[in-house]
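# Summary of structural features
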Amino acid sequence: MSNAAADEATELHENAAQDVIAVDADDNAEGTVNRLDAHTGDGIRHRAFTCLVFNEEGQILLAQRAPNKRLWDTSWDGTVASHPVEGQTQEEATEERLEEELGITPDQYSDLRVTDKFEYKRYYESAGLEWEVCAVLKVTLEDTSLDPDEDEIAGMLWADYEHLHDHPEWYRQLRLCPWFEIAMRRDFE
């Protein structure tokens with residue numbers, strides 16, 4: 001990516017100039033690629049994660065993506081999703097995003113774990129796409145204190161996870177993110 005293109009990408013969104021980890025279908029790293037390049041055109045398969053945050057009552061925290069997000073803006077996620085950077089584990093990347101997006105620190109939970117992994121490719125309007133090998137992590141908050149970053153999170157909602165899992169069609173008005181719908185559909189199987 002040229003410097004001018006990188007500057008333009010940064011103006012689109014501050015993290016557009018960052019790199020993500022390109023991977024094969026088995027999640028083997030194949031180097032790094034520009035994040036914007038990975039999410040435009042035909043896309044580049046890359047490593048990602050989604051973390052499902054629960055409370056001790058079995059409710060999941062749904063987080064609405066901020067309106068400034070380039071892809072799936074104002075859609076509801078369960079709960080955070082992002083990309084690890086080179087040299088970072090899925091757990092380390094998730095801990096970082098939980099704190100950055102929601103103010104959740106590691107002293108609020110003790111059970112962060114990877115529970116699944118899948119590949120998917122989905123286009124979003126004319127803005128771009130996600131082509132990811134996505135790890136699913138889960139965590140249960142012992143302390144549900146939250147301090148959301150408004151640049152990342154537009155809204156929050158605790159929902160009964162079993163009800164949502166069994167009846168996702170009843171939640172269509174929320175416009176769920178595709179990676180979350182896939183992760184939830186695969187859960188309990």
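Described in the following lines is the structure provided in the data block. (Residues numbered from 1 in each chain as written. Predicted model: local features only at pLDDT ≥ 70, side-chain atom pairs only at ≥ 80, totals over all residues. Heavy atoms only, no water.)

## Digging into unusual backbone geometry
For residues besides glycine, phi is generally negative; the peptide bonds are generally trans as well. Between glycine 78 and the following residue, threonine 79, the backbone shows a cis peptide bond with an omega angle of 20 degrees. Positive phi outside glycine occurs at glutamate 125, with the angle close to 45 degrees. Structurally, glutamate 125 is set in the loop between β7 (113-124) and β8 (128-140). Of the residues examined, glutamate 125 reaches a relative accessible area of 64% and is grouped as exposed. Here arginine 175, not a glycine, exhibits a phi torsion of approximately 50 degrees, which is positive. A relative accessible area of 38% means that arginine 175 is categorised as partly exposed. (Helix = DSSP H or I, 4+ residues; strand = E, 2+ residues; numbered from the N terminus. Buried < 20%, exposed > 50% of the residue type's maximum accessible area, 1.4 Å probe, protein only.)

## Re the side chain of glutamate 130
Here glutamate 130 shows up in strand β8. The side chain of glutamate 130 is buried and forms no salt bridge, while arginine 65, the nearest opposite charge, is found at 5.5 Å. At a separation of 2.8 Å, a polar atom in the side chain of glutamate 130 contacts the side chain of histidine 39. In this structure, glutamate 130 is in contact with His39, His46, Leu71, Trp72, His83, Tyr120, Lys121, Arg122 and Trp179, ignoring residues within four places of it in sequence. (Lys, Arg positive; Asp, Glu negative; His and termini not counted. Salt bridge = Lys/Arg side-chain N within 4 Å of Asp/Glu carboxyl O. Polar contact = N/O pair within 3.5 Å; in protein donor to acceptor, adjacent residues only side chain to side chain. Contact = heavy atoms within 4.5 Å.)

## Description of the packing of aromatic side chains
A ring pair, where both rings are aromatic, is described by two values, the distance of the centres and the angle of the planes. Evaluation of the coordinates by the stated rule reveals 4 aromatic pairs. Arranged with centres 5.5 Å apart and planes meeting at 80 degrees, the rings of tryptophan 72 and tryptophan 179 form a pair that is edge-to-face. Placement of tryptophan 72 in the loop between β4 (59-65) and β5 (76-77) and of tryptophan 179 in helix α5 (residues 178-186) is noted, with a sequence separation of 107 residues between them. Like tryptophan 72, the residue tryptophan 179 is buried in the burial classification. Note on phenylalanine 118 and tyrosine 120: the rings are 5.8 Å apart at their centroids and 45 degrees apart in plane angle, and the pair reads as tilted. Like tyrosine 120, phenylalanine 118 is buried. (Phe/Tyr/Trp six-rings, centres within 6.5 Å; stacked < 30°, edge-to-face > 60°.)

## Digging into the nonpolar core
Residues Ile60, Leu62, Leu164 and Phe180 are the most contacted members of the largest nonpolar core, which totals 25 residues. Sequence-distant contacts of leucine 164, defined by excluding residues within four places in its chain, comprise Ile60, Leu62, Tyr171, Leu176, Phe180 and Met184. With 17 residues, the next largest nonpolar core counts Phe49, Val53, Ala63 and Leu102 among its residues. (Core = buried A, V, L, I, M, F, W, Y, C linked by side-chain atoms within 4.5 Å.)

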